[in-house]
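These are the residues of each chain, in order.
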Amino acid sequence: MKIILPLIPHPCFPDSYQFPEDFWWGTATSSYQIEGAITEEDRQPSVWDTFSATPGRVRGGNTGAVACDHYHRYELDVQLMAQLGVKHYRFSIAWPRIMPEGRGTVNEAGVDFYKRLVDCLHEYGITPHATLFHWDSPQALADLYGSWQSRQMAVDYADYVTAVVRRLGDRITHWMTLNEIPCFTHMGYGVNCDPPHAPGTQVDSLKEVWQTSHHALLAHGLGTQAIRAASPVPCTVSLVDNFAVTVPLIESPDHIEAAKKAFHTCGQNGGIIFPALTGAYSPLLLAELGENAPDIQEGDLETIHQPLDFLGFNIYSGTYVRAADNKLGYEFLDFPPGYPRMHMPWLDIVPDCVYWGIHHISETLGRPDLPLLITENGCAAQDQVNANGEVIDTDRIFYLRHHLRAAHRAIAQGYPLKGYFLWSFMDNFEWSWGYDRRFGITYVDYPTQQRIPKASFDWYRECIRNNRVM
Ligand code: GCO
């Protein structure tokens, strides 16, 4: 039974989707996607530098060498965030700036950049939320032992985390361990993955792919312990995952039950979000994997299953499921031709995925105690600068409005959603798609590095100002 929260509707707009007073409105980015300055102050290459410099890997031959030049323009970017009115900002720290060789000596000049950034955020009253790993792992560790193919990666990650938290823990009290394990493991090393994500190394078997995500889970567990041990003040720790959301075709008990069952085997859920939040791989997944299941050493599951303060939920789309008269009791449904979609092949518009994702964490995984943050939600659109120099992205506003309404529905039903970080604050390097896809509410004119707030920026500012969906 959920407790219905007394969300006070706006007097003029009874159906106004008013959010709780203490709701965290934020926005998000990541280091490799915005910083540029890849050789500055002794930073050494990450796997994404190598990958994007390899011909044919990234659209248009684009790399993160300059990106949004945020490394040099961070003050102006933070000022723009202040104009947006966000009080929370999620960014990531680049491991190869802090430990250029991946392990060992700390590069204090690299740490200083984040000190400057965080001090600037505080100056503008914006709370920093730092992701400790958003895919830009040191190339040196790929050369040394194949990055996530080795168990050693989890140990080296925890040492890097200790170094960061010791130095920045006086300024940052909200930490996120790893971003989207399925993407940098299964999409990176996975067989039959085209185009691959960095590092573009295809391993020989599905078992080896699952071994990489198991190592990443260990890194999350060891990293969580390292943060708590190194932080000089009380802090929060979260895992950020993009678990796959099963959405019932019809919201009736039989289809809802089907969506709950299907949640175990959809995407990598059974082997990532299940062990992280329940301490065990889903038995349904293990049965499906057979001898392709990863090797799990004694004590691993306890290490992985750390108490967390929040779950970070990255959500863009969903998978429709219906009840079926088959062995499983459900079936996944394909999107029909012409289904509405934003500017990515995977960005089918399923706003209810926000509500059902939150519902599954509470009801399917049995973790109603765990507060959630939407750590990413947003979309790519075919933005154009018009003759007046404006970008009127009504399609993005449409997308965001409906997803926020679904978030409100979850809160109104008593689910513990505490904040929302819009992806992204500005257009940036969209991985294998390079600069071809724009996810920002701020347009970046890459040749001049000019920032142009889009119509969605104004819309989101009004949502924040009024604390409701506008
Ligand atoms: C991811 C990352 C972001 C992306 C965003 C749009 O999910 O891939 O966390 O870095 O840019 O999700 O694809």
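Scroll up for the structure.
In what follows, the accompanying structure is described. (Residues numbered from 1 in each chain as written. Predicted model: local features only at pLDDT ≥ 70, side-chain atom pairs only at ≥ 80, totals over all residues. Heavy atoms only, no water.)

Observations concerning the pattern of salt bridges
A side chain of one charge can pair with a side chain of the opposite charge when the charged atoms of the two come close. Condition: A pair is scored as a salt bridge if a Lys or Arg side-chain nitrogen falls within 4 Å of a carboxyl oxygen belonging to Asp or Glu. Elements are defined by DSSP. Helices are runs of H or I of four residues or more, strands are runs of E of two residues or more, and each kind is numbered from the N terminus. Whether a residue is buried, partly exposed or exposed follows from its accessible area with a 1.4 Å probe, protein chains only, as a fraction of its type maximum: under 20%, in between, or over 50%, in that order.
Scanning the model with the defined rule gives 27 salt bridges in all. Of the charged contacts, one joins D309 and R228 as a salt bridge, the two residues approaching to 2.8 Å between their closest N and O atoms. Placement of D309 in the loop between α14 (300-304) and β7 (310-314) and of R228 in helix α10 (residues 206-230) is noted, with a sequence separation of 81 residues between them. The class of D309 is partly exposed, set by a relative accessible area of 27%. On the basis of relative accessibility, which here comes to 34%, the residue R228 falls in the partly exposed class. Overlapping salt bridges, with partners in common, bring together D383, D393, R396, D427, R438 and K454 in one network.

Describing the pairing of strand β4 (residues 174-179)
Spelled out, the test is: If DSSP finds at least two bridges between two strands, the strands pair.
Most of β4 is tucked away: six of the six residues are buried. Two elements, strand β3 (residues 127-131) and β4, share three bridges in a ladder whose sense is parallel. Across the sheet, the residue bridging to H129 is H174, located in β4. Pairing between β4 and strand β5 (residues 236-241): four bridges, direction parallel. Paired with N179 across the bridge in β5 is V240.

What to know about helix α16 (residues 394-412)
Counting along an α-helix, one turn takes 3.6 residues, and residues three or four places apart therefore face a common direction. The test is simple: A helix is expected to span 1.5 Å for every residue after the first. In what follows, a contact means two residues having at least one pair of non-hydrogen atoms within 4.5 Å.
In a regular helix each residue adds 1.5 Å, so 19 residues correspond to 27 Å; α16 covers 27 Å between its end C-alpha atoms and thus fits that length. Tucked inside the fold, the buried residues of α16 contact β1 (24-28), α15 (352-364), β10 (372-377), β11 (417-423) and α17 (455-466).

Considering the nonpolar core
The tendency in soluble globular proteins is for nonpolar side chains to be buried side by side. Basically, it comes down to this: To define a nonpolar core, start from buried Ala, Val, Leu, Ile, Met, Phe, Trp, Tyr and Cys residues and group those joined through side-chain atoms within 4.5 Å.
In this structure, W48, F91, I93, Y160, W175, L178 and Y460 are the most contacted members of the largest nonpolar core, which totals 147 residues. Ranked by residue count, the leading element in this core is helix α7 (residues 152-168), at ten residues. Excluding anything up to four places from it in sequence, W175 contacts I93, A130, L132, V164, V165, L168, G169, I227, C235, T236, V237 and S238.

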